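Structural characterization, general
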Amino acid sequence: MSATQERSSSILVKNAEKSRKSYEKHKIEIAKQRIIKRVNEGKRVKTSTLNDNKYNWTDDEKNLIEKSIAALDKKDIDNVVEEIVNEIIKDNMPEAHNSSPPNFNDLTAHASLNKNDVKDFYANLMCNRFTSLGDDGKGTRAFEINPALIDVKGFYANNTWSDYNNKINKFFKALQEVHNSDNLYDFIRNPQPVIEKVKEYHNYKPGYADTVAKISGFISKCQDILPTDEFKRTLFINAKRVFPPNVMTFCEKFATHIPASTMSIIREQTVTAGSQEKTAQIEEKRESMEYYDFECLIHANEHIANTEPDTRQGLQSKLLSELYIRNLPGRDDFGKLIVVDEPPPPMKEKAKKQQNFYDTSSGTIYIRDHKTAACYPEIVKQLTPEAKLLAEKYLATFDTPPKYLIVKDDGTAYCEGRLSKVIVAMFDRTIGIPLTINDIRHSAVTYYHKQYANSAIEEERLARDMGHSMETHCKYLRQSDKVIKWHAMEIGVN
């Protein structure tokens with residue numbers, strides 16, 4: 001190794017160490033902020049946290065934490081005394097006041113909850129709709145707008161109705177087969193055989209848990225377990241006003257009387273068991289699934305840039321490829337980028353509907369309406385000069401400037417989710433591979449995981465840009481030896 005190479009290697013090592021120390025320091029500062037926030041909210045902080053030297057607490061911070069611990073200790077003593085007093089009072093009350101709760105089976109002997117009741121419940125929360133029997137004499141169920149929720153984003157905004165519809169149908173099919181019934185109360189009285197049948201329908205794969213979760217979610221919400229998020233709480237309360245009569249009866253009279261042991265069985269299947277199986281499946285995929293070599297995707301992007309003509313379709317192909325491969329391997333969020341000529345106004349936190357923007361003056365994307373907006377309210381990304389220029393050329397092909405950055409050939413917007421299919425068709429046409437957005441995301445995460453091996457901060461930044469938590473980000477990582485490559489000459493790249 002030459003002296004220049006040795007110096008360069010030494011600098012890289014020092015930079016990596018400096019980056020690691022900076023990351024660790026930043027992590028501790030964030031942890032300190034969270035701890036102080038807990039104290040200010042009246043929550044408990046362990047004495048061991050106070051005495052941990054890594055936090056390097058100031059005198060003021062120490063005093064604040066010590067006072068909080070002392071106050072909570074006193075409160076605990078007061079609570080114990082109150083519990084003892086209450087027990088003494090309870091022991092001296094007449095026996096009638098200690099009677100056991102009513103039996104759930106007896107309470108619901110003549111009650112009914114069927115598939116359509118559950119569908120009505122979810123249709124209201126998800127689609128801001130309620131259903132009713134149609135007037136055509138055939139009992140057709142027609143979706144009607146819920147006036148209380150018009151123009152409000154649905155409670156389950158990131159899920160599709162078809163997914164809920166299919167899984168609710170599958171669950172009630174299992175209920176019918178096991179208990180010869182379409183009454184949900186029969187499931188609650190004896191849930192395990194139905195769950196086993198649902199597992200059988202799913203070939204004992206993790207998807208069964210999501211099917212059962214549609215029902216456990218229904219039960220939990222009807223038990224008046226309201227969301228902590230203020231917006232969702234308001235939405236749920238409004239939706240509840242037009243629940244079907246059978247659902248309202250369940251909410252008001254029966255839901256809270258379900259034995260804790262029954263709910264434990266259902267939740268164990270939907271949360272614990274389902275989560276464990278899903279984790280195992282993710283690990284198996286990570287170590288066995290094929291994925292595309294990202295450097296090949298970079299060459300593919302160059303090929304598209306060099307061979308596609310500067311027609312409207314050609315420029316759109318170049319722009320899409322440049323956006324997803326060289327700028328931001330995001331989700332299907334580029335189909336609703338409103339074109340503006342200056343930075344958009346700041347986000348309004350309580351706005352009913354957020355929008356996405358592309359600022360032509362700076363070449364910056366603002367993504368506010370996306371799958372994980374609850375965790376990452378806004379993703380801001382400045383495009384490469386190449387992407388900005390392609391966007392300018394593409395928009396210039398329209399006589400009337402379109403409202404959105406990526407549109408159909410006639411200037412109108414793509415339907416929700418349609419852009420994914422457009423991208424697959426574009427890559428299939430240009431490089432002979434039906435590359436999906438998900439393929440690109442897996443490939444990018446795997447490639448940059450190696451590139452950022454010495455910089456956790458950079459990998460966290462990429463995860464945030466992709467709308468991921470680090471936990472989800474790691475699930476996208478592929479570690480198998482099944483790398484899909486193709487030679488540059490096969491797609492005409494020199």
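First things first, this report covers the structure right here in the doc. (Residues numbered from 1 in each chain as written. Predicted model: local features only at pLDDT ≥ 70, side-chain atom pairs only at ≥ 80, totals over all residues. Heavy atoms only, no water.)

Within the secondary structure, Arg368 sits in the loop between strand 6 (364-367) and strand 7 (379-382). Among the residues examined, Arg368 registers a relative accessible area of 6% and is labelled buried. For the pair formed by Arg368 and Val380, sequence separation is twelve residues and the distance between their alpha carbons is 8.8 Å. If sequence neighbours within four positions are ignored, Arg368 has contacts with Pro344, Pro345, Pro346, Met347, Gln354, Gln355, Asn356, Phe357, Ala373, Pro377 and Glu378. Among the polar contacts listed, one links the side chain of Arg368 to the backbone oxygen of Pro345, at a separation of 3.0 Å. Here Glu378 takes part through its side chain, which lies 2.6 Å from a polar atom of the side chain of Arg368. (Helix = DSSP H or I, 4+ residues; strand = E, 2+ residues; numbered from the N terminus. Buried < 20%, exposed > 50% of the residue type's maximum accessible area, 1.4 Å probe, protein only. Contact = heavy atoms within 4.5 Å. Polar contact = N/O pair within 3.5 Å; in protein donor to acceptor, adjacent residues only side chain to side chain.)

Describing an aromatic ring pair means giving the distance of the ring centres and the angle of the ring planes. This model, assessed by the stated rule, comprises 15 aromatic pairs. Ring geometry for Tyr185 and Phe254: centres 5.9 Å apart, planes at 80°, overall edge-to-face. Of this pair, Tyr185 sits in helix 7 (residues 184-189) while Phe254 sits in helix 11 (residues 245-254), placing them 69 residues apart in sequence. By the burial criterion, Tyr185 is buried, and Phe254 matches it. Measuring from ring centre to ring centre gives 5.5 Å for Tyr394 and Phe398, while their planes differ by 90°; the resulting arrangement is edge-to-face. Over the face of the ring belonging to Phe398 we find Arg312, whose NZ or CZ atom lies 3.9 Å from the ring centre. (Phe/Tyr/Trp six-rings, centres within 6.5 Å; stacked < 30°, edge-to-face > 60°. Lys NZ or Arg CZ within 6 Å of the ring centre and 35° of its normal.)

With that settled, consider the nonpolar core. Among the nonpolar cores identified, the biggest contains 46 residues, and Phe334, Leu419 and Phe427 are the most heavily contacted of them. Looking at this core, the elements that each hand over two or more residues are helix 13 (294-307), helix 14 (312-327), strand 4 (337-340), strand 5 (356-359), strand 6, helix 15 (385-395), helix 16 (418-431) and helix 17 (437-451). Residues contacting Phe334, with those up to four places away along its chain left out, are Leu323, Tyr324, Leu328, Ile365, Ile367, Ile406 and Leu419. (Core = buried A, V, L, I, M, F, W, Y, C linked by side-chain atoms within 4.5 Å.)

The next subject is empty space enclosed by the protein. Counted by the stated rule, this structure contains one cavity of 30 Å³ or more. Within this model, the largest cavity holds a volume of roughly 40 Å³. Lining the largest cavity we find Leu328, Gly330, Arg331, Asp333, Ile367, His370, Ile379, Asp465, Met466 and Gly467. Taken together, the residues of the lining of the largest cavity break down into four nonpolar, three polar and three charged. (1 Å grid on protein atoms, 1.4 Å probe; cavity = no way out; pocket = protein on both sides within 12 Å on 5 of 7 lines; lining within 4 Å. Points joined across faces, edges and corners; volume = space filled by probe spheres on them. Nonpolar A, V, L, I, M, F, W, Y, C, P; charged D, E, K, R; others polar.)

Moving on, we get to the pattern of salt bridges. Within this structure, the stated rule accounts for twelve salt bridges. Salt-bridge contacts for Lys197 lead to Glu200; the nearest nitrogen and oxygen are separated by 3.3 Å. One end of the pair, Lys197, and the other, Glu200, are both in helix 8 (residues 191-201), three residues apart, so they sit about a helical turn from each other. Overall, the relative accessible area of 38% leaves Glu200 in the partly exposed class. The partner of Asp310 in a salt bridge is Lys318, with the nearest N and O atoms 2.7 Å apart. Of the residues examined, Asp310 reaches a relative accessible area of 48% and is grouped as partly exposed. The structure contains a network of salt bridges with shared partners spanning Lys167, Asp210 and Lys214. (Salt bridge = Lys/Arg side-chain N within 4 Å of Asp/Glu carboxyl O.)

Taken in spatial order, the four strands line up as 4-5-6-7 in an open sheet, and their pairing is mixed. At either margin of the open sheet sits one strand with a lone partner, and together these are strand 4 and strand 7. On average, each strand axis in the sheet is inclined to that of its neighbour by 20°, with strand direction left out of account. Alignment of strand 4 against strand 5, held across four bridges, turns out to be parallel. Bridged to Ile338 within strand 5 is Phe357. (Pairing = 2+ DSSP bridges. Axes fitted to C-alpha atoms, helices over the stretch in contact; angles between N-to-C directions.)

On to the packing of helix 13 against helix 16. It is at 10 Å that the axes of helix 13 and helix 16 come closest, and there the two elements cross at 80°. As far as their axial angle goes, helix 16 and helix 13 are roughly perpendicular. In contact with Ala300, His303 and Ile304 of helix 13, helix 16 contributes Met426, Phe427, Thr430 and Ile431. Partitioning the contact of helix 13 with helix 16 into residue classes produces five nonpolar, two polar and no charged. (Parallel < 35°, antiparallel > 145°, perpendicular 65-115°, else oblique.)

Running from N to C, helix 9 (residues 207-222) and helix 11 point in directions that differ by 60°, and their axes come no closer than 8 Å. Classed by the angle they form, the pair helix 9 and helix 11 counts as oblique. Where helix 9 abuts helix 11, its residues Phe218, Ile219 and Cys222 lie against Val247, Phe250 and Cys251. Of the residues assigned to the contact of helix 9 with helix 11, the class counts are six nonpolar, no polar and no charged.

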